[in-house]
Amino acid sequence: MRLLNTLLPTPARSLLLFVVWLLLNNSIAPIHLLVAALLALVIPQLTVSFRDPQPPIRRWGLAVRYIARVLIDIVLANLQVIQLVLGPNKNLRPGFVLVPLSMTEALPLTILAGTVSLTPGTVSAEILPYQLDATSSAPKYLLLHVLDLQNEAELVASIKQRYEQPLKEIFQC
Amino acid sequence: MSLLEWSIAILVMAGALFVLLGSFALIKLPDFYTRLHGPTKATTLGLGSLVLASMLFFNFVQQQLSLQQFLIALFLFISAPVTAYMLIKVALHQKLVPMLNTRHQDLMKQRDNLAKGNDLPTVEKLADSD
């Protein structure tokens, strides 16, 4: 077990590298399998010391549901943005919104910021305050830019309930 | 034309339309912050549809296994929000002026405070009431 840990410090990343290499070549010829295995062994070894530890995914079922929900929301987001883009500019009511968060871990925060950027009417601007110390647990805020701000409290509540809550459950943090 | 060919055609057209509208948003919207919304969303969905059409075509019409398109979609979905995040961060850092009717412009000043690690009374109230 310890040998396996030294060889594959991050099994998920190794698997991802292996699959990505095969997809890039679109082939499972022996030479590609060999190179993919080599990359999957060497790259994690070289990069493992740069990585901060991240919380693991605890609830896979919920994670899959989360991805499906985000994909649907991306489609809805597009229809909404297109509607706004085609309308006159004076109908736009852009604004900034600050969302107080109850998560502090880097990985779930990153996923949340990415999700918010891809879904209806909002782009993540910043996660504040800056995390100078990886172990700090100071409260975080997400600053958003909204293309058409109608009801601020509702928007904040929906982001917290729709995206933050599932992420907290997925990572149990 | 078969159902398969119809769906590929529709996906290609929808994809092209979304990419076009996303790019149109770049020149049409009034300020930097609103312009960011077009490319992050419409272009993502547009390219997503094109990638899906390409997968359908190569796997079912040409009958050859082709899964590389997953990679395009994966990289796209990771890089689009990160790019938007970096751009808007720079804009805030440069104190780029948003369009006049933008609401809560005071948050841009509060941001400087928060970035330095000082918490704000108004913001704390928000967090407590939650």
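Residues numbered from 1 in each chain as written. Chains lettered and ligands numbered in written order. Predicted model: local features only at pLDDT ≥ 70, side-chain atom pairs only at ≥ 80, totals over all residues. Heavy atoms only, no water.

Here we take up helix H3 (residues 37-61) of chain B. Residue and element names in this part refer to chain B. Helix length check: H3, at 25 residues, gives a terminal C-alpha distance of 35 Å against a target of 36 Å (1.5 Å per residue), a fit within 8%. Along H3, the sharpest change in direction is near 25 degrees and occurs at Thr 43. Trailing H3 by a residue or two, Gln 63 shows a phi angle of about 55 degrees, which is positive. (Helix = DSSP H or I, 4+ residues; strand = E, 2+ residues; numbered from the N terminus. Expected span 1.5 Å × (residues − 1). Bend = angle between axes of the 7 residues up to and from the residue.)

Residues and elements named next belong to chain A. Along strand E3 (residues 141-146), 6 of the 6 residues are buried, which leaves the element largely enclosed by surrounding structure. Burial along E3 is two-sided: the residues Tyr 141, Leu 143 and His 145 and Leu 142, Leu 144 and Val 146 are all buried. As paired elements, strand E1 (residues 95-100) and E3 share 6 bridges and run antiparallel to each other. What sits directly across from Val 97, in E3, is Leu 144. In this structure, strand E2 (residues 122-128) lies alongside E3, joined through 6 bridges in antiparallel fashion. If you follow Val 123 over to E3, its bridge partner there is His 145. (Buried < 20%, exposed > 50% of the residue type's maximum accessible area, 1.4 Å probe, protein only. Pairing = 2+ DSSP bridges.)

Take the domain arrangement of chain A next. Each assigned domain of chain A is listed with its residue range as follows: domain 1 (2-50) and domain 2 (60-171). The C-alpha-based centres of domain 1 of chain A and domain 2 of chain A are spaced at 33 Å. (Domains from an automatic or database assignment.)

Time to look at the pattern of salt bridges. Oppositely charged side chains are able to pair whenever their charged atoms sit close together. All names here are of chain A. Inspection of the entire model under this criterion finds 4 salt bridges over all chains. A salt bridge links Asp 148 to Arg 93, with the nearest nitrogen and oxygen atoms 3.3 Å apart. In this pair, Asp 148 is assigned in the loop between E3 and helix H6 (152-171) and Arg 93 in the loop between helix H4 (60-86) and E1, connecting sequence segments 55 residues apart. Exposure remark for Asp 148: the relative accessible area of 14% places this residue in the buried category. When its relative accessible area of 37% is taken as the criterion, Arg 93 is described as partly exposed. Ionic pairing is found between Lys 160 and Glu 164, a salt bridge with its closest N-O pair at 2.9 Å. Highlighted residues: Lys 160 and Glu 164, both in helix H6, separated by 4 residues, approximately one helical turn. Residue Lys 160 is classed as buried on the basis of its relative accessible area of 13%. (Salt bridge = Lys/Arg side-chain N within 4 Å of Asp/Glu carboxyl O.)

All names here are of chain A. Under the defined criterion, the tally for this structure stands at 4 aromatic pairs over all chains. Seen from their ring centres, Tyr 66 and Tyr 163 are 6.4 Å apart, and the 90 degrees between their planes marks the pair as edge-to-face. Taken together, the residues span a long stretch of sequence, with Tyr 66 in helix H4 and Tyr 163 in helix H6 at a distance of 97 residues. Side by side, Tyr 66 and Tyr 163 carry an identical accessibility label, which is buried. (Phe/Tyr/Trp six-rings, centres within 6.5 Å; stacked < 30°, edge-to-face > 60°.)

The next thing to look at is the side chain of Thr 34 of chain B. Counting through the fold element by element, Thr 34 of chain B comes out in helix H2 (residues 32-35). In this structure Thr 34 of chain B comes out as buried when scored by relative accessible area, which is 0%. Ignoring anything within four residues of it in the chain, the contact list for Thr 34 of chain B reads Pro 94, His 145 and Leu 147 of chain A together with Leu 29 and Met 99 of chain B. (Contact = heavy atoms within 4.5 Å.)

So, on to the interface of chain B and chain A. On the side of chain A, 50 residues touch chain B, which itself brings 48 residues to the contact. The largest per-residue losses of area from chain B upon contact with chain A belong to His 37, Lys 41 and Arg 103 of chain B, which jointly make up 15% of the total buried on that side. Joining chain B to chain A, the criterion identifies 0 salt bridges. Where chain B touches chain A, the interface holds 6 residue pairs in polar contact (both at pLDDT 80 or more). Within the residue set of the side of chain B that touches chain A, elements represented by two or more residues are helix H1 (3-28), H2, H3, helix H4 (69-93), helix H5 (106-115) and helix H6 (121-128) of chain B. (Buried area = accessible area lost by both parts, 1.4 Å probe. Polar contact = N/O pair within 3.5 Å; in protein donor to acceptor, adjacent residues only side chain to side chain.)

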